[in-house]
Amino acid sequence: MTNTATTAAEKPRVAFYWCAGCGGCEEAVVDLAEQILDVVAAVDIVFWPVALDFKRPGVEAMADGSLAAAFINGAIRTSEQLEMARLLRTKSRVVVAFGACAQLGGIPGLANLWDRNSIFQTVYREAPSTANPDGVTPQTSQPVDGETLELPSFADTVRALDQVIEVDYYLPGCPPTAKLIGEAVHALLSGNLPPRGTVLAPDRALCEECPRKDSKPQDLALNAFKRPHELILDRQTCLLAQGVLCLGPATRAGCEARCVQGNMPCSGCFGPTSRVKDFGGKALSGIASLVGSTDEQEIIRILDQIPDPVGTLYRYSLPSSLLQRRRIGAKSA
Amino acid sequence: MADPKATSESTSAGASPAGARRRITIDPVTRLEGHGKIEIFLDELGYVDRAYFQVPELRGFEKFVQGRPAEEMPQITSRICGVCPTAHHMASTKALDALYQVEPPPAAKKIRELFYSTFMVEDHALHFYFLGGPDFVVGPTAPAAQRNVLGVIAKVGVEVGQRVIAMRRRLRELMALVGGKPIHPVLGLPGGVAKAITSDEQKQFQTVAAEAVDFAQFTLELFEDIVLKNAQYLDLILSDTYTHRTYYMGLVDANHQVNFYDGTVRVVSPDGAEWGNFRPAQYLDYVAEHVEPWTYMKFCYLKPVGWKGFRDGSESGVYCVGPLARLNVAEGMATPLAQVAFKDFFDRLKSRPVHATLANHWARVVELLYAAERMKELADDAALTEPEVRVLPTTTPREGIGAVEAPRGTLFHHYQTDERGLITKANLIVATQNNAARIGMSVEKAARQLIRGPDVPEGLLNMVEMAFRAYDPCHGCATHALPGSMPLLIRVRDGTGRVLNSLWRNLDGSIHRE
């Protein structure tokens, strides 16, 4: 950064990078609105989630540990993402897993219910609009026009960031809120950091900050689970009390119950609190305790009303769960 | 960018020794489903032989949504794109209406369209000021370090900059009010929305909508003063470098006026005649996708016309979506101020359809005005606060197709389910995918205009960026790299892959050579 060498020396250097994600974490940074000008003034952003080849020689040339922090969002799926995550780890004193995909694997992690071949088969061969009589699929190395075009390889398994590099802090959420991002940046700048491994959000269940908290019964006994499209949802009452599977009890607080404020149940994007290893397991045990029956057949009938347990309880966390993935080569459900 | 079949024919005659040929790699920050990369092959004299626009990532939503409950799809598929999650959310919600054969109550439709219009104002404004606009407001030949949103602010004044940031924040706050959160909202359900709008919330919408109309008019004036009054800019917009005679596609209402939320899909041919007008549910009869082995992206084309490679003209099925395409397929705008702007657009560009890709920036401002006016109409609607916003589904689900106009173009969601409403098959045609072939053609054309001999001029950097940014600032916007400061690497290699020289531009706009 020749043009800014003088100022850069005085400001902490920060990197943003994004892997298998949607760009929502980037948009969340822009949603800092007026605050973003303060961030830009306080740090020197040496790169943004970006141009790998271009940045790579520049990043490789940096001294190890010369970046104050790297904020990495998205899960790890391709060879390119893996290489970049490792490089940034070497160059950064602090790595923050930014958002649900980096922290837990996120929604793209649901692809771990399948593998590379079955995904390619669906996308490139079976999609009803796709005309592909020769069965062409993307190749990592493809001769064209007397040259070779290369693509990063696509792994069978989506991984969370801390499954490929050491992570110092986690910013949860899909995406993290502007408030939590602001607080994290402030903590980094002030050097007032919690112990390594901390998730930078309140360590309590979402129910505790939910505006409908007072309407949650002490002892719920449900004889039926309802899906959100099957009933008119009351705007004031606890969603669990209405029979809708809200994951608030298993989910970390910090989002200010935004989905519930939108009159829809929490789907768990903030992940678990520090006391829980496996989010879906925790959610499942919570659900089991809500079932208002001791009769085995009746319990089966009630739980059968949750039609997609894996996709519901591990919506954001399949790669980082104890399950991690479906066995490769196993027959798809 | 050429069809590989045509490629082998055209090069076989004059095949050059491998050592004499060279290639250029441009690795910008882009996002479709991830980044994007451009490879340019040069002949022995240093002229462009072929160019390839590659997308090096895939996430495979069509596969991993299988088994998920259909009613979760608006939230799951919004994760395809965090920049336009609202577009996926809404296309998905409409696919659920079709899946469960349920018609939302009037207030629910109004809330959806109000929410969607608010999103379109916010998204179009972001692109104009932060991404596409700097090329013109500051100038395409201005120093790269100034060609960004800070340069725009320097040119138009700090007050305007603050107004843009504040406007965007207020629009996002309204989206949170209705949808829970602006990124990955939760309002959509089959047959309606999750909650009604209160009269207090309506007042907030009315206040901001009135400001949004002022803001859009101001933006149009700004575009007039800075861009349209500059003959050089107009020449650039209309230059052959950025022109392709293709088909255009977009949603229109019953009067053939632009509609973002609902309607039929109208297609016009390169000469401007109506080629088709179909219901979204018929999309499989009209749209098909071509697969190439060198990219993870699929290329859409008009099925009845057929895939004829990366070329324009009425014989090729390549088509274009987005702001320019929407104006090209429409006969007008449904709101008064936007209608005036629409007429002015075609009168002054003196063609119909307009084939100049860079006119997308102007079309986007016309649409910004429409979105703001439509937002105001809906915010002022007395029936907006009616409490009934849901119709509960009663039929057994099987199949549903929904479409909206995303900021970047037509977006289709198509689901099949089992009798419990669990997804068995999903097909998604994403806005940028519709444009993929034309984007590749534009990149090649820009490269051909600039690369004429061994030296790679620095102007290539911005000209190439402009070639795809004009269509679809989503490439830049996903990363929020600022135009003109988007980091780029250009490497020239010989036929053995050895790097002859390289040129790169850092985020601060500084240029480095090796």
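Quantities reported herein were computed from a predicted structural model and do not represent experimental measurements.

For chain B, the count of helices and strands is 17 helices and 17 strands. Of all 514 residues assigned to chain B, the portion counted as buried reaches 64%. The contacts of chain B with a sequence gap of at least 6 include a subset with a gap of at least 24, amounting to 69%.

Attention now moves to the overall build of chain A. Helix and strand counts for chain A stand at 12 helices and 10 strands. Computed over its C-alpha atoms, the radius of gyration of chain A comes to 22 Å, within 12% of the 20 Å expected for a compact globule of 333 residues. For chain A, the spread of C-alpha atoms along the three principal axes comes to 70 × 55 × 30 Å. When the 333 residues of chain A are sorted by exposure, 47% land in the buried category.

Another point: the sheet that holds strand E6 (residues 130–131) of chain A. Pairing between sheet strands relies on hydrogen bonds along the backbone, with the strands arranged either parallel or antiparallel. On the basis of which strands lie adjacent, the open sheet formed by 3 strands has the order E6(A)-E9(B)-E10(B) and mixed pairing. Both outer strands of the open sheet, E6 of chain A together with strand E10 (299–302) of chain B, are each paired with one neighbouring strand and no more. In the sheet, strand E9 (residues 287–290) of chain B pairs with E10 of chain B via 4 bridges, with the strands oriented antiparallel. Residue pairing for E10 of chain B: His290 of chain B is matched across the bridge by Phe299 of chain B.

Attention now goes to unusual backbone geometry. Residues and elements named next belong to chain A. Omega for the peptide link from Cys174 to Pro175 comes to -5 degrees, which places this bond in the cis form. Here Pro175 lies in the loop between strand E10 (169–171) and helix H8 (178–190). Positive phi, normally seen in glycine, also occurs at Ala257, with a value near 55 degrees. Along the polypeptide, Ala257 turns up in the loop between H8 and helix H9 (258–261). Taking the number of C-beta atoms within 10 Å as the measure of exposure, Ala257 has 22 and is therefore buried.

Before going further, it helps to spend a moment on the packing of helix H13 (residues 336–349) of chain B against helix H14 (residues 360–379) of chain B. Residue and element names in this part refer to chain B. Where H13 contacts H14, the two axes come as close as 8 Å, and the packing angle between them is 165 degrees. With respect to their mutual orientation, H13 and H14 come out roughly antiparallel. Considering how the two elements wind past one another, H13 and H14 form a crossing that is left-handed. Contact with H13, carried on its side by Leu337, Ala338, Ala341, Phe342 and Phe345, involves Trp362, Ala363, Val366, Leu369, Tyr370 and Glu373 of H14 and no other residues of that element. Across the contact of H13 with H14, the residue classes break down as 10 nonpolar, no polar and 1 charged.

Right, let's talk about the confidence of the model for chain B for a bit. Residues and elements named next belong to chain B. Mean pLDDT over chain B stands at 84; residues scoring 70 or higher make up 80%. Under a pLDDT of 50 for its full length, residues 28–34 has, in the predicted model, 31 contacts with residues more than four places off or in other chains. Scored below 50 in pLDDT, residues 475–488 shows 73 contacts in the model against residues more than four places distant or in partner chains. With pTM at 0.91, the complex prediction returns an ipTM value of 0.94.

Here we come to the sheet that holds strand E8 (residues 274–278) of chain B. Residues and elements named next belong to chain B. Pairing within the open sheet is mixed, and its 4 strands lie in the order E8-E7-E6-E11. Both edges of this open sheet fall to E8 and strand E11 (319–320), since each of them pairs with a single strand only. Both strand E6 (residues 247–252) and E11 contribute to a ladder of 2 bridges, which runs parallel. Its bridge partner being in E11, Tyr247 is matched across the sheet by Tyr319.

The next subject is the domain arrangement of chain A. All names here are of chain A. Examined at the domain level, chain A breaks down into domain 1 (2–107 + 157–190), domain 2 (118–155) and domain 3 (206–313). For domain 1 versus domain 3, the distance between C-alpha centres works out to 33 Å. Across the contact, 8 residues belong to domain 1 and 6 residues belong to domain 3. Top contributing element to the side of domain 1 that touches domain 3 by residue count: helix H6 (residues 100–104), with 3 residues. For the side of domain 1 that touches domain 3, a count of residues per class yields 5 nonpolar, 3 polar and no charged.

Residue and element names in this part refer to chain B. Here H13 spans 20 Å end to end across 14 residues, near enough to the 20 Å set by a 1.5 Å rise per residue. Within the sequence span of H13, burial applies to Ala338, Ala341 and Phe342. Along the axis of H13, the buried positions cluster into a sector of 105 degrees, meaning they face one direction only. Away from the buried face of H13 by more than 90 degrees, exposed residues Pro336, Asp347 and Arg348 are located. Close packing links the buried residues of H13 with helix H9 (199–228), helix H12 (323–329) and H14. Remark: Lys350 follows H13 within two positions and exhibits a positive phi of approximately 55 degrees.

What counts and how
- Residues numbered from 1 in each chain as written.
- Chains lettered and ligands numbered in written order.
- Predicted model: local features only at pLDDT ≥ 70, side-chain atom pairs only at ≥ 80, totals over all residues.
- Helix = DSSP H or I, 4+ residues; strand = E, 2+ residues; numbered from the N terminus.
- Buried ≥ 20, exposed ≤ 12 C-beta atoms within 10 Å, placed from the backbone.
- Contact = placed C-beta atoms within 7 Å.
- Rg over C-alpha atoms; globule rule 2.2 N^0.38 Å.
- Pairing = 2+ DSSP bridges.
- Axes fitted to C-alpha atoms, helices over the stretch in contact; angles between N-to-C directions.
- Parallel < 35°, antiparallel > 145°, perpendicular 65-115°, else oblique.
- Left-handed = near helix turned anticlockwise from the far one by under 90°.
- Nonpolar A, V, L, I, M, F, W, Y, C, P; charged D, E, K, R; others polar.
- pLDDT = per-residue confidence, 0-100.
- Domains from an automatic or database assignment.
- Expected span 1.5 Å × (residues − 1).
- Arc of directions from axis to C-beta.

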